[in-house]
Amino acid sequence: MDIISELPDDLLLRIMSLLHTKTAFDSQLLSKRWRNLWKKLPTLYHDYTFHKSESQFLVFINKTLELLESPVLESLYIRIVPTQTSSGVFLRGCLLAKLQVRELNFISIINPVALQIKKEIYHLQTLVILRIECCSLEDGYGNQIIPLQCLKVLHLRCVKYSSDASLSNLLSSLPSLEDLFLDRCSSDNKPTKTLSIAVPRLLRLTVLRCPDNCETHLMRLNVNAPSLKYLNVEDHWRNVSFSEEKMEELIEADVNVGYIDTEKLLKAFVSVKRLSLCVVTSKILRVNVFFNQLVRLEICTCQQEWWNVLEKVLLSSPKLCILKLHQKHLFGTRDPTVRWKEPSSVPVCFASHLETFEWRGYEGTEDEKKLASYILRNAGRLKTVTIYPLISNPDIRRRKILKNHMSNELVKLSGRSFTCKLVFR
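Residues numbered from 1 in each chain as written. Predicted model: local features only at pLDDT ≥ 70, side-chain atom pairs only at ≥ 80, totals over all residues. Heavy atoms only, no water.

Peer 1: I'd like to hear about the overall build of the protein chain, residue by residue, with values.
Peer 2: Within the protein chain one finds 10 helices and 20 strands. Put simply, of all contacts in the protein chain between residues at least 6 apart along the chain, 64% involve residues at least 24 apart. Accessible area of the protein chain: about 20,900 Å², with a carbon and sulfur share of 52%. (Helix = DSSP H or I, 4+ residues; strand = E, 2+ residues; numbered from the N terminus. Contact = heavy atoms within 4.5 Å. Areas by Shrake-Rupley, 256 points an atom, 1.4 Å probe, with all protein chains shown as cover.)

Right under this line is the structure:
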C-alpha cells in the first residue's frame, strides 16, 4: 500500500477538500481504501469545465449529492456556463437534497440571465453563507416569511432581480444577516428611485454600481441598519443619496459618490473612527457636525472643491491623528478659476493629535502648495509627512530633481524648521 493511503481519514479528507469534486470522485478508482472516502467530504467544488456537456455536469452534481454520506455539508461551490435551456432545471435537480448546507456559492459564467435561482433556495434553513454571481433571482415569495433564519452573509454580484422592491423585501426577511455585499452591475435590473436596506443586525454593508451598465437616474440608498459598523458605497455614476438616519454604531465608512447634500451625509457619520470620502460639494457646508471619535481621515482629490469637505471635517475632528489626501479617480471635474482659501481658524487636531500626513497624487499646483504648507506650518505634532508627487517625466534623473525641488519649496513655504520626517516618494 502506498504511503498516502496509510494516512488517517481526517487528513485525507482535508486534502481532498482542496480538489475539484470530479477529481476527488475519480479517486475511488485507486483502490478499495478510496472507494467511499469522497462521500464524507465536507466541501464540494463543482466546475463545469471538468465536464463535456451541461447535461453531464448536472447529472454529476445530482449523483454526488445523492451519494454523499455526511449529514452536514459545510460548503457547496457550483461554477457553471449555462444555456437558455438550463433555467429552472438546475436548482430543482440538485439543491433540494436533504442536506444541511452551511455555505452555498453560485457562479454563472458568460450568460448572466440564463440561470435562474429558484425560490426553493429560500427553504435551505441551515444556510449561513450565500454568494450568487451572474444569475437571476426568482421572485414569488411575496410577503411570506423566508425561512433563511440563519443566513449571516449574503453576497450578490451582477444579479438580476424582478425589481428593487423584491430585493428590499428579501433583505427585510433576513433577521440574522450581518454582512451584505451588493454589486449592482446588471443592466437588466429595472430603474428605481429608492433601494431600501432594512436589516436590524447588519454589521457590514457594501454597495457598488458598475459604470458601464448603470442608469444615470438618481438612486436613493435608504439604509436602516442601527447596528452597522462598516459601510462601503461606490457609485461610478455619482448620483447616490442617503437617508437622514444617524448611524450611531458606525466605525468605518468609505463613500465614493456624487452626493447632492453633503451636509446630510456628514450628519449620518458622526460616530465614525475611520472615514474615507469622495464627494461633490454642491454648496458651502454650514451645518454644525462634530466627529468626536474620528482618528483617520482620507479625502479623494478628484472632485471640484474637495477642500471644502476637508476643511469642514478637519475643523470638526479634534482627535484626528491620520490625514490622507489621495486622487483615487480620474473622472473628476476641475475648474481652474476656483481657488483654495486659507480657513479663518486652525483645526484643534493640528495642535493636539495630528501625527501623520500623506498626500498621493500631489502635482505641486499653487493651491496644492498653499494647502500643504498650511498643514505643515500649523500641525505642530506631526511626526511623519509622506508626499507621492504626480510626475509624468519618464527620465529618472529629472524626476529626482523635480522631487527635490518640490520638497525644498514646501519647506520654504511652511516657514518653520521641521522636527518631523518629510519624505517624497
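Peer 1: Explain the environment of Y77 to me, using residue names and the numbers behind them.
Peer 2: Summarising the element assignment, Y77 is placed in strand β2 (residues 72–80). Between the C-alpha atoms of Y77 and L44, which are 33 residues apart in sequence, the distance is 6.1 Å. Setting aside residues up to four positions removed in sequence, Y77 forms contacts with T43, L44, Y45, H46, E103 and N105. Side chain to side chain, Y77 and E103 meet in a polar contact 3.1 Å long. (Polar contact = N/O pair within 3.5 Å; in protein donor to acceptor, adjacent residues only side chain to side chain.)

Peer 1: Residues and numbers for the packing of aromatic side chains, please.
Peer 2: Ring pairs (aromatic) are described by centroid distance and by the angle formed between their planes. This structure, assessed with the given rule, holds 8 aromatic pairs. When the centroid spacing of 5.0 Å and the interplanar angle of 70° are considered together, the rings of F25 and W38 count as edge-to-face. Residue F25 is located in helix α2 (residues 21–26), and its partner W38 is located in the loop between α2 and β1 (43–47); the two are separated by 13 residues in the primary sequence. The class for F25 is buried, based on a relative accessible area of 12%. For W38, a relative accessible area of 1% puts it in the buried group. Aromatic side chains W306 and W307 sit 5.7 Å apart centroid to centroid with 65° between the ring planes, which places their arrangement in the edge-to-face category. With respect to class, W306 is no different from W307; both count as buried. Aromatic rings pair up to connect W306, W307, F357, W359 and Y362 into one cluster. Sitting over the ring of Y230, R204 keeps its end group 4.4 Å from the ring centre. (Phe/Tyr/Trp six-rings, centres within 6.5 Å; stacked < 30°, edge-to-face > 60°. Buried < 20%, exposed > 50% of the residue type's maximum accessible area, 1.4 Å probe, protein only. Lys NZ or Arg CZ within 6 Å of the ring centre and 35° of its normal.)

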